[in-house]
Amino acid sequence: MASPVNVTVTGAAGQIGYALLFRIASGQLLGPDTPVNLKLLEIEPALKAAEGTALELTDCAFPLLHGIEITADLAEGFNGTNVALLVGARPRTKGMERADLLEANGGIFKPQGNAINDHAADDIKVLVVGNPANTNALIAQAAAPDVPKERFTAMTRLDQNRAYAQLANKLAVPVTAIKKLAIWGNHSPSMFPNLFHAEVNGQNAADAVDDMAWYENEYLPRVGKRGAEIIDARGASSAASAANAAIDHVYDWVNGTNGEWVSMAVPSDGSYGVPEGIISSFPVTTANGEYEIVQGLEINEFSQGKIDATVAELVGERDAVKDLGLV
Ligand SMILES: NC(=O)C1=CN([C@@H]2O[C@H](COP(=O)(O)OP(=O)(O)OC[C@H]3O[C@@H](n4cnc5c(N)ncnc54)[C@H](O)[C@@H]3O)[C@@H](O)[C@H]2O)C=CC1
Ligand SMILES: O=C([O-])CC(=O)C(=O)O
């Protein structure tokens, strides 16, 4: 059996953490042959709750779980880390301006980026889940100059999974009938789920839907605002589905997609006119632990407008954190 992989989860005592840790320990993050050491990174006041979760993890007697560490110390939390799931973040509270939110998250993701830079393993892969995820990833990346930039990614897989489910429901097909349905841009209501390259049982998805009014006025807002719909219904934000998407993201990054497309927010290389360096969602394929942005797609006028809008939002966030000296 392979040697254990060190997986750090920040915000481990939160609700996504609770939905995520057991699945990682059972082998769903990296595969059934890869043992894991879990490193739970929390703030001091939440350490006791994280310890409680660790007791339960122990009680599952997972064969792949080789060790659990719990800490509030960044150097310890990222020491030798191969995969970091940055989940803990500062939520927006009432009366908080966007700049305040970005600054508060800068206070979390900058020191975490520094610690990843100084202590993580050479093959570190980072997934940022905590919102605003794309820009938090940019902050952490900027604070880790020795780590290759492409190792910092943010999560739009939940958006992709939502997009698959809503399209499958509309067309009364199983989700497995759908392929190449990717999210472009920011993890925010401005995101763009692109039906023009997607396929349903081999047919173009936009043609299969054949209803631009539904696409624009129902589908896009439904997928884009699904997070708010869940908060309204549950009284709490998506947790199990977010954890599920984090598992999907990392599993596919590590194990390869065999040519299938998945959505990842990754540093732009300038593809499709998305400014270089912005952490934006694209369709990607993965192989040998690396991803590649799908190239050569024709972007129609409708899609270009949507992509331009969500990318403009990301550029605005990047400029705001630049003004704060965070990137
Ligand atoms: N990208 C995506 O698709 C999604 C992102 N999210 C985001 O994920 C984040 C976490 O969500 P929940 O687990 O529901 O929140 P939660 O509030 O239940 O848990 C957050 C945890 O992070 C911890 N934390 C705060 N600052 C920390 C720090 N500096 N270091 C380590 N831990 C820290 C808190 O103590 C808390 O235990 C939120 O920002 C949420 O908006 C949620 C759903 C989907
Ligand atoms: O808004 C939130 O905190 C939750 C979120 O990102 C989502 O469910 O997509």
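Here the structure is a predicted model, which means the values were calculated and not measured.

About the cut-offs
- Residues numbered from 1 in each chain as written.
- Chains lettered and ligands numbered in written order.
- Predicted model: local features only at pLDDT ≥ 70, side-chain atom pairs only at ≥ 80, totals over all residues.
- Heavy atoms only, no water.
- UniProt positions renumbered as here; feature names shortened; annotations may be inferred.
- Helix = DSSP H or I, 4+ residues; strand = E, 2+ residues; numbered from the N terminus.
- Buried < 20%, exposed > 50% of the residue type's maximum accessible area, 1.4 Å probe, protein only.
- Near = heavy atom within 4 Å.
- Polar contact = N/O pair within 3.5 Å; in protein donor to acceptor, adjacent residues only side chain to side chain.
- Nonpolar A, V, L, I, M, F, W, Y, C, P; charged D, E, K, R; others polar.
- Phe/Tyr/Trp six-rings, centres within 6.5 Å; stacked < 30°, edge-to-face > 60°.

**Here we look at the UniProt feature "binding site: NAD(+)" (unreviewed entry) in the protein chain**
(1) Moving on: Sites flagged by UniProt as "binding site: NAD(+)" (unreviewed entry) map to Gly11, Ala12, Ala13, Gly14, Gln15, Ile16, Gly17, Asn105, Gln112, Val129, Gly130 and Asn131.
(2) Moving on: With respect to the helices, strands and loops of the structure, Gly14 is situated in the loop between strand 1 (5–10) and helix 1 (15–25).
(3) Moving on: Here Gly14 falls in the partly exposed class, since its relative accessible area comes to 28%.
(4) Moving on: Judged by relative accessible area, Gln15 falls into the partly exposed class, the value being 33%.

**Some details on the site of ligand 2**
(1) Moving on: Neighbouring residues of ligand 2: Asn131, Arg162, His187, Gly227, Ile231, Ser237 and Ser238.
(2) Moving on: A distance of 3.1 Å is found between an oxygen atom of ligand 2 and a side-chain nitrogen or oxygen belonging to Ser238.
(3) Moving on: Looking at the shell around ligand 2, its residues break down into one nonpolar, five polar and one charged.

**Some remarks on the packing of aromatic side chains**
(1) Moving on: For the coordinates displayed, the defined rule picks out eleven aromatic pairs.
(2) Moving on: Pairing Phe196 with Tyr215 gives two aromatic rings, centres 5.7 Å apart and planes at 65 degrees, and the pair type is edge-to-face. With Phe196 in the loop between strand 9 (192–194) and strand 10 (199–200) and Tyr215 in helix 8 (residues 212–224), this residue pair connects regions lying 19 residues apart in the sequence.
(3) Moving on: Classification of Tyr215 as buried rests on a relative accessible area of 1%.

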